[in-house]
Amino acid sequence: MARETIDEFMQLEIQLQEVKPDKLRAFILQLYASRPDLMPSIEALALSSDPKAVAKLLRKRVQSLRNGRKFIDYRAASAFAADMDALLADIAALISSAPDLAWQLLDQFLATAPKVMQRVDDSSGWVGDVYRQAVLHWLDAADAWQDADVDWVERIYALNQQNDYGLLDGLLSNADRVLGEQQLRQLAWRYEGELRTALKEQSTDSRRLDYLDAMVAMKGVAEALRDAALYERALLMASPEPNELQLQDLCRAFIRLGDPAGALKYLERPWPPRYEDTRLSLLDTVYAFTDDTDRQLQIREQRFKRSPSAAGYRDWLACLPESAHEEARLEAMALAEQQCSVIAGANLLLELGESAQAGALVVQRREALVEAGYSGLVDLAKALDKSGCALAATACYRALLLDILVSGRSRAYGHAARYVHKLAALATEVADFSPLASHEAFMADVSEQHKRKTSFWAKVSR
């Protein structure tokens, strides 16, 4: 939440304290009558002093969710998820006063997932996110309840068995909210046994993939225990010779679980060239955690020289003694000129304070701008304009304009029209367009080549 919004919220809270209760009740009744979407939440609020009554009301809403049959397409998924989220919030509000009732409702809410996911197009992930949040509330309610008669290890194990859609992946990794270390070790031992059994069966039936579920579960418990060695064992049991993507996952787990040095045995050996940038980035992170500044400096210099960029230069400079800054700056300037990417080279020169050289590089290599990424080119155009490089900014905006028009992306014609106006404004700042065509000549060519794009020209004339 933005600072301004927080201030406004606090001010509103103070003002509401001065409103008479009867006016608030009248306003809530008006909302109840005019906003059907708020009716369930208002009813829950009215019954808040009676947790059992609230739970009864909420149970009906959960049953309605479970029994629904209408298919929810992509366009309606956002509103559907918002309704689910409102229901979940009302259930979660019960945790402080009646954690047992809240837990039961949350358990029933999570049980609706299979049916709901079969009737909703959740391409956006909104509905899935509601269920993932419900998992955390389920654990919070269990922690608040802490009924001695409940075997929480079994409860968590049973719930995880329902994870067909991957919606419960946060259950085991956050199980430490409810289970102690010994209970978590018990779960880990259980999943490790299942993994060994599944791997044996896999060797005789290539179609079986049960071992993947056991491996993921074992890794989830490792997260809860913050046990990098357990995470490593789970991965290596399933993949004794892990590929580079698995190695990345493992190294990040070592870092995340508080054992960054454990990743070095995988990072200090060669990786295929296409993964070298990732390996160096992970090494940088490991050395930062282990305070190995000498090796971190070596890695950052290697990363920058391998792929020069403004961000890489800043990182390298942060590790260098001040006495070495000027030498690094001169080396960076030379590397910027040799960059394959004109955007990366120009941004690096701007970072070095060499705006004139950045502008010259862009103008010289203007033909390459059409192959640059759209968002990066927009940012570069703005940066060049801000630095007073009007001619180079013109080259960028022309490339952006032509990219939209040549490809016929009608949805972006609004942006293209703004680029036309921006080019007109920049033209007043350019004394000599050479080696570019003049503004008039460029626009005449655009008019001729794209005269049939009437919707675009209509936006330009507004």
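Cut-offs used in this document
Residues numbered from 1 in each chain as written. Predicted model: local features only at pLDDT ≥ 70, side-chain atom pairs only at ≥ 80, totals over all residues. Heavy atoms only, no water. Axes fitted to C-alpha atoms, helices over the stretch in contact; angles between N-to-C directions. Helix = DSSP H or I, 4+ residues; strand = E, 2+ residues; numbered from the N terminus. Parallel < 35°, antiparallel > 145°, perpendicular 65-115°, else oblique. Left-handed = near helix turned anticlockwise from the far one by under 90°. Contact = heavy atoms within 4.5 Å. Phe/Tyr/Trp six-rings, centres within 6.5 Å; stacked < 30°, edge-to-face > 60°. Buried < 20%, exposed > 50% of the residue type's maximum accessible area, 1.4 Å probe, protein only. Lys NZ or Arg CZ within 6 Å of the ring centre and 35° of its normal. Core = buried A, V, L, I, M, F, W, Y, C linked by side-chain atoms within 4.5 Å.

K.L.:
Outline the packing of helix 8 (residues 126-145) against helix 9 (residues 152-160), listing residues and values.
P.N.:
Running from N to C, helix 8 and helix 9 point in directions that differ by 165 degrees, and their axes come no closer than 12 Å. One element, helix 8, and the other, helix 9, form an angle in the roughly antiparallel class. Where helix 8 crosses over helix 9, the handedness of that crossing is right-handed. Across from Trp 138, Leu 139, Ala 142 and Trp 145 in helix 8, the residues of helix 9 making contact are Trp 152, Arg 155, Ile 156 and Leu 159.

K.L.:
Which residues make up the packing of aromatic side chains, and what values go with them?
P.N.:
Going through the model one piece at a time under the given rule, you end up with 14 aromatic pairs. Plain terms: the ring middles of Trp 138 and Trp 152 are 6.1 Å apart, the flat faces sit at 90 degrees to each other, and that makes the pair edge-to-face. Placement of the pair is Trp 138 in helix 8 and Trp 152 in helix 9, with a sequence separation of 14 residues. The exposure class assigned to Trp 138 is buried, which follows from its relative accessible area of 1%. On the basis of relative accessibility, which here comes to 5%, the residue Trp 152 falls in the buried class. Taking the ring centre of Phe 442 as reference, the NZ or CZ of Arg 398 above it sits at 4.4 Å.

K.L.:
Just give me the short version of unusual backbone geometry, but keep the residues and values in it.
P.N.:
For the peptide bond that leads from Ser 434 to Pro 435, omega is 10 degrees, which places it in the cis range. Despite not being glycine, Arg 226 has its phi angle at roughly 55 degrees, a positive value. Mapping Arg 226 onto the fold places it in the loop between helix 12 (210-225) and helix 13 (228-238). Even without glycine at this site, Asp 291 takes up a positive phi of about 60 degrees.

K.L.:
Please give an account of the environment of Asp 164 that cites residues and values.
P.N.:
Relative to the helices and strands, Asp 164 is located in the loop between helix 9 and helix 10 (170-173). Asp 164 sits in the exposed class, given a relative accessible area of 62%. Between the alpha carbons of Asp 164 and Asp 213 there is a distance of 9.8 Å; along the sequence they are 49 residues apart.

K.L.:
Summarise the side chain of Arg 61; cite the residues concerned and give the values.
P.N.:
With respect to the helices and strands, the residue Arg 61 is situated in helix 4 (residues 51-67). Arg 61 sits in the buried class, given a relative accessible area of 16%. Excluding its chain neighbours within four sequence positions, the residues that come into contact with Arg 61 are Pro 40, Ser 41, Ala 86, Leu 87 and Asp 90.

K.L.:
An account of the nonpolar core is requested, with residue identities and associated values reported.
P.N.:
Among the nonpolar cores identified, the biggest contains 91 residues, and Phe 109, Tyr 131, Trp 138 and Ile 156 are the most heavily contacted of them. Discounting residues that sit within four places of it in the chain, Ile 156 has contacts with Trp 138, Leu 139, Leu 171, Leu 172, Ala 175, Val 178, Leu 179 and Leu 187. In this structure, Ala 336, Ala 358, Ala 392 and Phe 442 belong to the second largest nonpolar core, which totals 56 residues.

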